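These are the residues of each chain, in order.
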Amino acid sequence: MIRALFLAFAQLSDGAVRRVLWLGILGALLLFLAVATGLGWTFAHIGITGIGWLDALIEVLGGVGVLVLAWILFPAVVVSISGLLVDGIVTAVERRHYPGLPPPREQGLGEQAWLALRFFLVVAALNLVALPVYLAMPPLAPFVFYLLNGYLLGREYFEAVAFRRLEPARARLMRRAYGVRLLLGGMAVAFLSTLPLLNLLVPVVGTAFMTHVFHGLKERQRASGSW
């Protein structure tokens, strides 16, 4: 997996990947800017209690809350965006490292959009459910965050790549067979998603990384005769 991660970062030199990278960064920044602006305007222009000092305190706490939610939900946002851009990234990786593959399985835009939306809702909901743990037990918060999002990111990135080559039922069987490996890979992606600036690379690096993981596991299955 370490080699796969290095190969994923090396893929950033690919012109096709850089185009997708900038689209992903722009999409994530515009989405967060829209949410932050909307919430900021709401707190600034709506007097909740009518008491000046209390409304000011609520405005400050609301701003802090927006930052906390942005940090928690960033993995969901970047993966949802990358779900719409996954074809360009995986195609570039396979063209460079896995030439000669047959054409991928046909996936309509509707299927890709639904998978991206579904994943965003699942990650957002589970992280909001875990929010009391993050706030009430700060020492446990990083462990819960990385385990939860590691599982979810490993699952989503793997399926986004595997569904291009396998029928969904077969891809899920393969995911379950290598659950521990994908959890560790997902935790690496989750960790990158919490690092400033590097987190903007996550949609591209995560997809390229999981493309290498998928083909490596597929080769392992072939070698063992279980494919």
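Peer 1: Which residues make up the nonpolar core, and what values go with them?
Peer 2: Counting residues in each nonpolar core, the largest one holds 49 residues, and the members touching the most others are F158 and M210. Beyond its immediate chain neighbours, meaning those up to four positions away, F158 contacts A171, M174, R175, L182, M210, F214 and L217.

Peer 1: Residues and numbers for helix 8 (residues 202–224), please.
Peer 2: Across its 23 residues, helix 8 extends 32 Å between first and last C-alpha, which sits within 8% of the 33 Å expected from 1.5 Å per residue. Most of helix 8 sits inside the fold, with 17 of its 23 residues counted as buried. Just past helix 8, the residue G225 takes up positive phi, approximately 80 degrees.

Peer 1: Account for the side chain of H215, with residues named and values stated.
Peer 2: Topologically, H215 is positioned in helix 8. Given a relative accessible area of 6%, H215 falls into the buried group. Beyond its immediate sequence surroundings of up to four residues, H215 is in contact with E94, Y98 and L101.

Peer 1: Describe the packing of helix 5 (residues 141–162) against helix 6 (residues 168–177), listing the residues and the values that go with them.
Peer 2: Interhelical geometry of helix 5 versus helix 6 gives an angle of 140 degrees and a closest axis separation of 10 Å. In terms of their interaxial angle, helix 5 and helix 6 are classed as oblique. In this structure, helix 5 meets helix 6 at a crossing whose hand is right-handed. The segment helix 5 lies against helix 6, with Y151, R155, F158, E159 and A162 engaging A171, R172, M174 and R175. Looking at the contact of helix 5 with helix 6 residue by residue, the class counts come to five nonpolar, no polar and four charged.

Reading the values: the criteria
- Residues numbered from 1 in each chain as written.
- Predicted model: local features only at pLDDT ≥ 70, side-chain atom pairs only at ≥ 80, totals over all residues.
- Heavy atoms only, no water.
- Core = buried A, V, L, I, M, F, W, Y, C linked by side-chain atoms within 4.5 Å.
- Buried < 20%, exposed > 50% of the residue type's maximum accessible area, 1.4 Å probe, protein only.
- Contact = heavy atoms within 4.5 Å.
- Helix = DSSP H or I, 4+ residues; strand = E, 2+ residues; numbered from the N terminus.
- Expected span 1.5 Å × (residues − 1).
- Axes fitted to C-alpha atoms, helices over the stretch in contact; angles between N-to-C directions.
- Parallel < 35°, antiparallel > 145°, perpendicular 65-115°, else oblique.
- Left-handed = near helix turned anticlockwise from the far one by under 90°.
- Nonpolar A, V, L, I, M, F, W, Y, C, P; charged D, E, K, R; others polar.

Nothing here speaks to function; it is all geometry.
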